[in-house]
Each structure stands twice: as C-alpha cells, then as structure tokens.
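Structural description and commentary
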Amino acid sequence: MTDSTSEPQAEAAQNAALQKAVIVGLQPDQSRHVIDEAAKYAKLLGAPLVVVHVDVTRFVTYEDPDGYVHSAPIDINFEAGAAEFEAVQAAAADALDGTGLTWTARQLVGDPALAIKQLAGKLDAQLIVVGTRKRGIGESIREFFTGSVAARLAHRQHRSVLVVPLEEPVPDTQKEIWTE
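Here's what I pulled together on the structure shown here.

1. A word on unusual backbone geometry
For Lys20, which is not glycine, the phi dihedral falls at a positive 70°. Structurally, Lys20 is set in the loop between helix 1 (8-17) and strand 1 (22-25). Here Lys20 falls in the partly exposed class, since its relative accessible area comes to 41%.

2. Comments concerning the packing of helix 4 (residues 112-123) against helix 6 (residues 149-156)
Relative orientation of the contacting elements helix 4 and helix 6 amounts to 45°, with a least axis distance of 9 Å. If you check the angle between helix 4 and helix 6, you find them oblique. In this structure, the crossing between helix 4 and helix 6 has a hand that is right-handed. Residues Pro112, Ala113, Leu114, Ile116 and Lys117 of helix 4 form the contact with helix 6, whose own contacting residues are Val149, Arg152, Leu153 and Arg156. For the contact of helix 4 with helix 6, the per-class residue count stands at six nonpolar, no polar and three charged.

3. A look at the nonpolar core
Ranked by internal contacts, the top residues of the largest apolar core, which has 23 residues, are Val24, Leu49, Val51, Leu96 and Val129. Within the residue set of this core, elements represented by two or more residues are strand 1, helix 2 (32-45), strand 2 (49-55), helix 3 (79-96), strand 5 (103-109) and strand 6 (127-131). When residues no more than four places from it in sequence are discounted, the contact partners of Val51 are Val24, Leu26, Ile35, Val88, Ala92, Leu96, Trp103, Thr104, Ala105 and Arg106. In terms of nonpolar packing, the next biggest core, distinct from the first, is built from 18 residues, Ala21, Ile23, Val50 and Leu153 among them.

4. Comments concerning the pattern of salt bridges
With the rule as written, the count across this model stands at seven salt bridges. Lys122 is the salt-bridge partner of Glu11, the closest N and O atoms lying 3.8 Å from each other. Of this pair, Glu11 sits in helix 1 while Lys122 sits in helix 4, placing them 111 residues apart in sequence. Residue classification places Glu11 among the buried residues on the basis of a relative accessible area of 13%. The salt bridge involving Glu37 is made with Lys40; its shortest N-O contact spans 3.3 Å. Placement of the pair is Glu37 and Lys40 together in helix 2, with a separation of three residues, close to one helical turn. With a relative accessible area of 16%, Glu37 lands in the buried category.

5. A word on the sheet that holds strand 1
The strands that make up a sheet pair up through hydrogen bonds in the backbone, lying either parallel or antiparallel. Strand order in this open sheet of five strands is 5-2-1-6-7, and the pairing throughout is parallel. Unpaired on one side and paired on the other, strand 5 and strand 7 (160-164) mark the two borders of the sheet. Here the strands of the sheet are splayed against their neighbours by 25° on average, with no regard to which way each runs. Pairing of strand 2 with strand 5 involves seven bridges; the strand directions are parallel. In the strand pairing of strand 5, Leu49 is matched with Trp103. The strands that helix 2 touches are strand 1, strand 2, strand 6 and strand 7; relative to strand 1, the one it contacts most, it runs at about 175°. Taken strand by strand, helix 4 contacts strand 1, strand 2, strand 5 and strand 6, and its axis lies near 150° from that of strand 2.

6. Digging into the pairing of strand 1
Side chains Val22 and Val24 project from strand 1 onto one buried face, and the interleaved Ile23 and Gly25 project onto a second face that is buried too. Looking at chain direction, strand 1 and strand 2 are connected through four bridges and run parallel. Bridge assignment links Gly25 to a residue of strand 2, and that residue is Val52. The β-α-β motif built from strand 1, the intervening helix 2 and the parallel element strand 2 has right-handed crossover chirality. Bridge analysis of strand 1 against strand 6 gives three bridges, and the strand direction is parallel. Within strand 6, the residue paired with Ile23 across the bridge is Ile128.

Basis of the calculations
- Residues numbered from 1 in each chain as written.
- Predicted model: local features only at pLDDT ≥ 70, side-chain atom pairs only at ≥ 80, totals over all residues.
- Heavy atoms only, no water.
- Helix = DSSP H or I, 4+ residues; strand = E, 2+ residues; numbered from the N terminus.
- Buried < 20%, exposed > 50% of the residue type's maximum accessible area, 1.4 Å probe, protein only.
- Axes fitted to C-alpha atoms, helices over the stretch in contact; angles between N-to-C directions.
- Parallel < 35°, antiparallel > 145°, perpendicular 65-115°, else oblique.
- Left-handed = near helix turned anticlockwise from the far one by under 90°.
- Contact = heavy atoms within 4.5 Å.
- Nonpolar A, V, L, I, M, F, W, Y, C, P; charged D, E, K, R; others polar.
- Core = buried A, V, L, I, M, F, W, Y, C linked by side-chain atoms within 4.5 Å.
- Salt bridge = Lys/Arg side-chain N within 4 Å of Asp/Glu carboxyl O.
- Pairing = 2+ DSSP bridges.
- Right-handed = clockwise from strand over helix to strand, strands pointing away.

Have a look at this one:
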C-alpha cells in the first residue's frame, strides 16, 4: 500500500496512523536486503513500515506551522526525483506485497540525514533502517563532502539506526576496502 501525502491534512492524518513506525531509507536499485531487513523488524515490533526516498535535487523552501513542507528544485530537471521515487515505490511494492505489513512510501527532500531525522520525530519512529553505501571512488568522494547518512543519523538523534550491508563483506585479508 502506498499513499500520497500532497495535502497537509492528509499528511497529518497519515502521520497519526504511522506512529511508532519503522522507517527505511531506500534509493533506486538498492539491494533488496535493506527492505527485507526493515520488514523483518517492522513485523517483530508490530509496527507499520515507512519507505522513504530523499530527493537530494530539491531543497526545503519553508515549512508551514502544521508541518507541511514546501520545496523547490535545485535543477530544473525535477523529473529525475519523481522517476527515482517511482522506482523506490515499485521495489517496495514488489518486496512488501503479500507480507501483511501496513506500509506507505514517502518522498522527502533535501539532506537525507536531516529529512529522515525530521520524519522520525514526527512519527516517533522506533527504528531507522539504512543501507551501507556502494564501494567505489564516486561514492567515496560524495561521502567525503556530505558524510555518511548512517553516521549522521546515529549522532544527531536518539533512535536506533540499523545499518544493513549492501554487498558481500570485504575479506579481512584485503587491506583496502575501496579498491577502485
């Protein structure tokens, strides 16, 4: 089940129904292992699951007193964020349909750690689930400038953060983790 929360009243009603949720941050083409782990913990906790994708090509312009967030694109090609959200929704539906879990998908905007932190506060989330980043020089450079989402979440709020490995672990005999 997915819900669109384009109106402030609809978002407030949905937030009330999603209290104590498990939140999972997903990106397009991310390992299914991340959402499977999030679903497992949502079932164990008897909690709804909120699948979030953060559109980093948009930024928050202002937030209404009722919590409704207005955003604007950094780039005029704002279709990219919509396509990524659709891919995340499709992957979530594929993984979660038939599980019996109550779930919804949300697209957030801006800095991933701050956006997820804010949503977790609104929902009084029990757990935040994120995947590790892919290995590679491009991801290393991105993380150098923006920092690790998992580490920033762990240090900037009080909820538990489950970090799910995306790939096969690096063997202990391999000295460098990122060889590219």
